[in-house]
Each structure stands twice: as C-alpha cells, then as structure tokens.
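Reading the structure
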Amino acid sequence: MPLITHLSVRDIRFPTSDGLHGSDAIHADPDYSCAYVTLHTDVPGLSGDGITFTLGRGTQLCVAVIEQLQSFVVGRSLESITGDFANWWRAACNESQLRWLGPERGLIHMSFAAIVNAVWDLYAKSEGKPLWKLLSDMTPDQLVSVVDFRHISDVLTPDEAIELLKQHEQTKAVREAELLSTGLPAYTTSAGWIGYSDDYRRELCQKYLDLGFRHFKLKVGANLADDMHRATILREEIGDECALMMDANQVWDVGTAIDCMKELAAFQPLWIEEPTSPDDVLGHAKIARAIAPIGVATGEAISNRVMFKQFLESGAMQFCQIDSCRVGGVNELIAIMLMATKFNVPVCPHAGGVGLCNYIQHLSAFNYIAISPSLDKVVLEYSDHLHEHFVDRLNIQDARYRLPTMPGYSITMHDQSLAEHEFPQGSVWRSRKKGV
Ligand SMILES: C[C@H](O)[C@@H](O)[C@@H](O)[C@H](O)C(=O)O
Ligand SMILES: [Mg+2]
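Residues numbered from 1 in each chain as written. Chains lettered and ligands numbered in written order. Predicted model: local features only at pLDDT ≥ 70, side-chain atom pairs only at ≥ 80, totals over all residues.

1. Describing the site of ligand 1
Residues in contact with ligand 1 amount to 13 residues; listed here are only the nearest, Gly22, Asp24, His27, Pro30 and Gly352. Each residue belonging to the shell around ligand 1 can be placed in one class, and the counts come to 1 nonpolar, 8 polar and 4 charged. If you count residues domain by domain, the shell around ligand 1 takes at least three from each of domain 1 (4-128 + 417-430) and domain 2 (166-414). (Near = placed C-beta within 6 Å. Nonpolar A, V, L, I, M, F, W, Y, C, P; charged D, E, K, R; others polar. Domains from an automatic or database assignment.)

Right, dumping it as structure tokens:
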C-alpha cells in the first residue's frame, strides 16, 4: 500500500465572470475556482487529486486551511486511512485547534473535502477502478464502516444502513450493466445563467435541445418581472413538454418565495431550488407546503449530514442536491444518500461549478447501483463549462452521463491548465488585477 509522502495544494481560478457564466441572483460575477490538492506517494506514477469548489478570492482561504490539515495524510499509508476510515474522518473533522471554526461547516469542512476527495481518488487509482466501481463493489459492511454516524443515529443506525444496502446487493450487477449501456439522465443549467442576453439564451436553448436535453434550469430571484420574462423565453424555446426547473440561490425570504412562486407557477416548474437561506429548515418546509406540487430542491449550500437529516425528515426538501465538496467528501455523502433513500427523496446532485460534473457522475452511479435502485425523478445537473481542463473528459451522449472508465475520481486536470490558471502567477491571471 502506498505511503503518502507529501501534499501539494494550488489556487486554481477561471475567469468565468468575463462571460457571466455561472451568474445567479446572488453571485453576480463568479469566477469558478478550486483548491486543488495532490497527494504524492512513494509509488512511482501514483498520486491522488482532489478539489474543493470555490469562487474567486475564497480559494486562498481554502488553500490555507488545507495546509493546516495536511498532517492527517502526510507520512501515513493509504491503508492506515482507508482501514479505519470513519475514525480517521472524525478525527480530522474534530482537530481540537481547528474545529471551533466549524464544527463541520463552511470553510473548514469544504477544505477538508478536498483532502477526502483526494484520498478516494488515490484509493480508486491504487485499486485500478473508477470510483463509482470501487464503491459499488464494496460490501454493505465495508460501506457502512467508512461513515461517521454521530448525530444521525436517531434516524439511521449502522445496522439499519447495512439492512438497507443488503436489500439491493444481489441485483447490483443488473443496474451496473444498465448504466454502462444507457448512462444517467442529465439536465442543463447552461441556458439559465442570470446574466445572459435574451438572444444568447434562445440560442443556447436550441443548442441543448439539439443535443437531446429535455430538462432545463433557469436562474430566478433578481426581480419578478425579469424572472417572468426569462421564464417566458425558456418556455417559448423549449415548449411545454420539457421540464423547467428554477433556482433562486437563497435570495428570498420565506414569504417572498411563496409569493413569487405563486406567480412563477404559471410556467410549471418542476422545482424551486434554494428558495431561501440554506440554514432555514422550517422555512423550506413552509415553502414546500405552500407551493406543492412544485417541489423544493436544495443542498448545494447545506453544511453537513446533520442538516440534511433535518431537511429530509421534516419534508423540507423534495429533491436532495448533494454537493461533492460542500460536506466532508465521499464518506459523508454516503451517509446523506442513505438517509435520502430512507426518506424516499431522489438525489439530484448539484454540479454548477468547476469539476463538479466529474464528481457527481461517480456518486450518482454508485447511489443507483448500491443504495437506491430507482431513477424515478433522478436527474443530474450538467453545466457545460471548463470540461476541457480535465484528463478524464466527461462523456455526455444524448443528454446522459456515460460512466467513466478511467481509474480514480475523474478530477485530475491537465498540467497546462493548472499552470495557466494558478492564481496569481498563471498566464491567465498575470495580466489582470481581478481577484487580488
Ligand atoms: C455560482 C454558481 O454558478 C451557482 O449559481 C450554481 O452552482 C448553481 O446554484 C447551480 O445550481 O448550478
Ligand atoms: Mg443551485
């Protein structure tokens, strides 16, 4: 088993705000960015990469936290981590001089996610499997052994989780074969960013219709008249048959969310995403009750499994949008996917950012094969930006994610992309003042 000899971390930023890609009601000019971790080992040619997704200047803070956490991996064998995964995870989340900044939330948790994701990438590469396959091949006992059940055992115990996984263990191969032949369904956000012009938005709708997409997400929440205008354009282009989702990125108060959705209901949205503060469990539940059958979707800014537990248990989310970097990486996501299955809520991961599409294809494939054997209401976000920077290029055909086959977690970026986009010395940033 490889020994992790050192960790390097880089501040990688893309000037996406130039074209207002990724813009929404609250993030007017996001530069998609990530803290990019590499775990180097004593095995020639073997290393693990992991990211946490951030925006612009926030990245350098993540880099600083990751440096503080490196003692949890450097000088350790991979086996000493994966062989005692849940305890390792808990210890790193609770380092006594750092946990005051959390616990298990925000900057510190997201930074730790980059390390956890890198460990899983290394693990999958060392086993010669794509991550979804490594996870899908694990037994129920092995899977449950990587999860920290602290603070969620009132709704899910390790024994219950094992039972849940055992129910579908015998049929895993059938679903794996199905996914290998048909892939996972995707929706596009790329025609929906708030800052785009009407003409460009119409053009993009046609582009993604031609590519086979039948689910489109639109940003709302700037002001109601503009939201109605953008929604009219979307419906004119995609027709009534396609699904339309809306995303307010946390901008409304509860009452405003309900009032606005009563108007926007005319466009028959499937869901409203992040209608209010991501911490407001009861507020989401009120909105969900008031606007049904429109569902409430949320999760990209929900801090940890304990918050997900409350959203799921209280009926505050009808679509569970896990984010591969917001919570503490794969280990905690397994807990969340198990709870979503228990509460019968479909997992539709968030991927509007850099690298997130690469991650979610593994998570959703594993979820379907091993945890939740239904694709009913499941649709994965596909945001069509920056894919050219990754070694294991995404394969989307007819609006479906085709499963990756390369070993690892598909997040390794090309050396040239890293060099050009590293902040502030990369060639992309040297000539700019932005982000300083
Ligand atoms: C700033 C980002 O682009 C967000 O707008 C994006 O992640 C979004 O919420 C999404 O659901 O894709
Ligand atoms: Mg969103």
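2. Some thoughts on the packing of helix H8 (residues 172-182) against helix H15 (residues 356-371)
It is at 8 Å that the axes of H8 and H15 come closest, and there the two elements cross at 150 degrees. The residues of H15 that touch H8, namely those facing Lys172, Arg175, Glu176 and Leu179, are Ala365, Tyr368, Ile369 and Ala370. Split by residue class, the contact of H8 with H15 holds 5 nonpolar, no polar and 3 charged. (Axes fitted to C-alpha atoms, helices over the stretch in contact; angles between N-to-C directions. Helix = DSSP H or I, 4+ residues; strand = E, 2+ residues; numbered from the N terminus. Contact = placed C-beta atoms within 7 Å.)

3. Comments concerning the confidence of the model for the chain
Chain-level statistics for the chain give a pLDDT mean of 97 and a share of 99% at 70 or above. Overall fold confidence for the complex sits at a pTM of 0.97, while the interface term, ipTM, reaches 0.98. (pLDDT = per-residue confidence, 0-100.)

4. Thoughts on the pairing of strand E7 (residues 269-273)
Most of E7 sits out of view: 5 of its 5 residues are buried. The pairing of strand E6 (residues 243-247) with E7 spans 3 bridges and is parallel. Pairing of Leu244 across the sheet is with Pro269, part of E7. Traced from E6 through helix H11 (residues 254-264) to E7, the parallel crossover comes out right-handed. Alignment of E7 against strand E8 (residues 295-298), held across 3 bridges, turns out to be parallel. Bridged to Ile272 within E8 is Val296. In this view, the connection linking E7 to its parallel neighbour E8 by way of helix H12 (residues 281-291) has right-handed handedness. (Buried ≥ 20, exposed ≤ 12 C-beta atoms within 10 Å, placed from the backbone. Pairing = 2+ DSSP bridges. Right-handed = clockwise from strand over helix to strand, strands pointing away.)

5. Structural notes on the pairing of strand E2 (residues 32-41)
Of all 10 residues in E2, 8 are buried, a share of seventy percent or more. Pairing geometry for strand E1 (residues 4-13) and E2, over 9 bridges, is antiparallel. Bridge pairing links Leu7 to Leu39 in E2. For E2 and strand E3 (residues 47-55), the ladder comprises 9 bridges, and the chain directions are antiparallel. The partner of Cys34 across the bridge, within E3, is Phe53. The hairpin formed by E2 and E3 contains 5 residues between the paired strands, and Gly45 there has a positive phi angle of roughly 80 degrees.

6. Description of the domain arrangement of the chain
The domains assigned to the chain are domain 1 (4-128 + 417-430) and domain 2 (166-414). Taken together, the contact between domain 1 and domain 2 spans 39 residues of the former and 38 residues of the latter. Of all the elements, helix H4 (residues 106-127) adds the most residues to the side of domain 1 that touches domain 2, at 11 residues. Looking at the side of domain 1 that touches domain 2 residue by residue, the class counts come to 20 nonpolar, 13 polar and 6 charged.

7. Regarding the UniProt feature "domain: Mandelate racemase/muconate lactonizing enzyme C-terminal" (unreviewed entry) in the chain
Under the feature "domain: Mandelate racemase/muconate lactonizing enzyme C-terminal" (unreviewed entry), the UniProt entry names residues 198-294. Helix makes up 52% of residues 198-294 and strand makes up 15%, while its end C-alpha atoms are separated by 26 Å. (UniProt positions renumbered as here; feature names shortened; annotations may be inferred.)

8. Thoughts on the nonpolar core
Core analysis: the largest hydrophobic core is formed by 137 residues, its most contacted members being Ala35, Val37, Ile66, Ile115, Val119 and Phe216. In terms of residue count, the dominant contributor to this core is H4 (13 residues). Counting contributing residues per domain, this core is built from domain 1 (4-128 + 417-430) and domain 2 (166-414), each supplying no fewer than three. In this view, Ile115 contacts Val37, Gly50, Ile66, Leu69, Phe72 and Val73; residues no more than four positions away in its chain are not counted. (Core = buried A, V, L, I, M, F, W, Y, C linked by C-beta atoms within 7 Å.)

9. Some words on the environment of Leu165
Along the chain, the position of Leu165 falls in helix H7 (residues 158-167). Overall, Leu165 belongs to the buried group, with 22 C-beta atoms counted inside 10 Å. In this structure the C-alpha to C-alpha distance between Leu165 and Asp141, which are 24 residues apart in sequence, comes to 8.9 Å. Residue contacts for Leu165: discarding those within four places in its chain leaves Pro140, Leu143, Ala370 and Ile371.

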